[in-house]
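# Coordinate analysis (summary)
Next come the chains, spelled out residue by residue.
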Amino acid sequence: MANEKKTLTPEEKQAQDAARIARKQALSMHIRALRRVLIVSASAVLIAFMVLFYLFCTPLVDFVLEPVRSRGIEVISTAVSEALMLKFKSCLVAAVVIGMPVIVQQIWSFVSPALYANEKKLFAGLFFVMLLLFITGVVFCYVYVFPLAVDLFWEASDGVATAMWSVKEYFNFVLSFVLPFGVMFELPVVIYMLARHGKVTYKTLARNRKYVILAIAVVAAILTPPDVFSQCLMAAPMLVLYEVSIYVAASARKKRDERNTTQKTDVPEDSAHEES
């Protein structure tokens, strides 16, 4: 009867058991590999943090406070643990930056076995470009944009109130101002990946420029401290990056068309050889 359960032969049962065991082993291997990635990455950050905290803490804190101290602005501690937490957070952020090559290498070792040769080449380049763009964005903000914001807020308090900047609030302001710039500079890579897979085109990006300007203004308002000046400082580079992204999308579209053309021309040649 159709409803009767099919009886498996010993060979079929053995094949099913082997497939089930293989799946469990594969999952176990992925979990162990992921655990290794986390352990090695966390260890790299921890070692860098210990070295920085015990050997380079004072120079690092001086570097963080340099934009305000160079202008004669003194920061104050309004809580018992604020000064210690400033040292801790500064060393932790620096440790993550120093440990980033190890983190990226571990992520790559976990992802690369599942990629084809051409995909490995592409993503290896993208990893390097993303890291370079992130560092460029952070450095650009800290060197050129952040001092302008410090001058603005310091001068805005003149004649209104005595400015007493808290250590905690200042460090949070630095992170909320600098790190989004690093994320923002990843825009060309995102556009490249979307254009490579045909999700966007340079014509679409150029045609929707006015809507993107509005979206950039909204994103800048969300990612930066709540003041118009900071938002403009972030929006201006984003607009420049968007224009660069249009060029990147055009380049990706050109390469994609060339690849498709090559694939199409290869098929008839193969067929011709087979016929002959």
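Scroll up for the structure.
Summary of the structure given here.

Calculation rules
Residues numbered from 1 in each chain as written. Predicted model: local features only at pLDDT ≥ 70, side-chain atom pairs only at ≥ 80, totals over all residues. Heavy atoms only, no water. Phe/Tyr/Trp six-rings, centres within 6.5 Å; stacked < 30°, edge-to-face > 60°. Helix = DSSP H or I, 4+ residues; strand = E, 2+ residues; numbered from the N terminus. Buried < 20%, exposed > 50% of the residue type's maximum accessible area, 1.4 Å probe, protein only. Contact = heavy atoms within 4.5 Å. Expected span 1.5 Å × (residues − 1). Axes fitted to C-alpha atoms, helices over the stretch in contact; angles between N-to-C directions. Parallel < 35°, antiparallel > 145°, perpendicular 65-115°, else oblique. Nonpolar A, V, L, I, M, F, W, Y, C, P; charged D, E, K, R; others polar. Core = buried A, V, L, I, M, F, W, Y, C linked by side-chain atoms within 4.5 Å.

Another point: the packing of aromatic side chains. Summed over all chains, the structure comprises 15 aromatic pairs. Seen from their ring centres, Tyr142 and Phe146 are 6.0 Å apart, and the 5 degrees between their planes marks the pair as stacked. Here Tyr142 pairs with Phe146, and both are found in helix H5 (residues 117-156), just four residues apart, close to one helical turn. Among the residues examined, Tyr142 registers a relative accessible area of 16% and is labelled buried.

Attention now moves to the environment of Leu115. Here Leu115 is to be found in the loop between helix H4 (100-111) and H5. Excluding anything up to four places from it in sequence, Leu115 contacts Trp108, Lys120 and Phe123.

Between its first and last C-alpha atoms H5 spans 56 Å; for 40 residues at 1.5 Å apiece the expected length is 58 Å, and the two agree. Along H5, the positions that sit buried rather than exposed are Leu122, Leu126, Leu133, Gly137, Cys141, Tyr142, Val145, Phe146, Pro147, Ala149 and Val150.

It is at 4 Å that the axes of helix H3 (residues 82-98) and H4 come closest, and there the two elements cross at 50 degrees. Looking at the two axes, H3 sits oblique to H4. Where H3 abuts H4, its residues Val96, Val97 and Ile98 lie against Met100, Pro101 and Ile103. Its residues placed into classes, the contact of H3 with H4 shows six nonpolar, no polar and no charged.

The next thing to look at is the nonpolar core. Among the nonpolar cores identified, the biggest contains 56 residues, and Val68, Phe146, Tyr170, Phe177 and Phe181 are the most heavily contacted of them. Of all the elements in the fold, those that place two or more residues in this core are helix H1 (10-55), helix H2 (57-69), H3, H5, helix H6 (167-184), helix H7 (187-196), helix H9 (209-223) and helix H10 (228-275). It is H10 that contributes the most residues to this core, 10 residues altogether.

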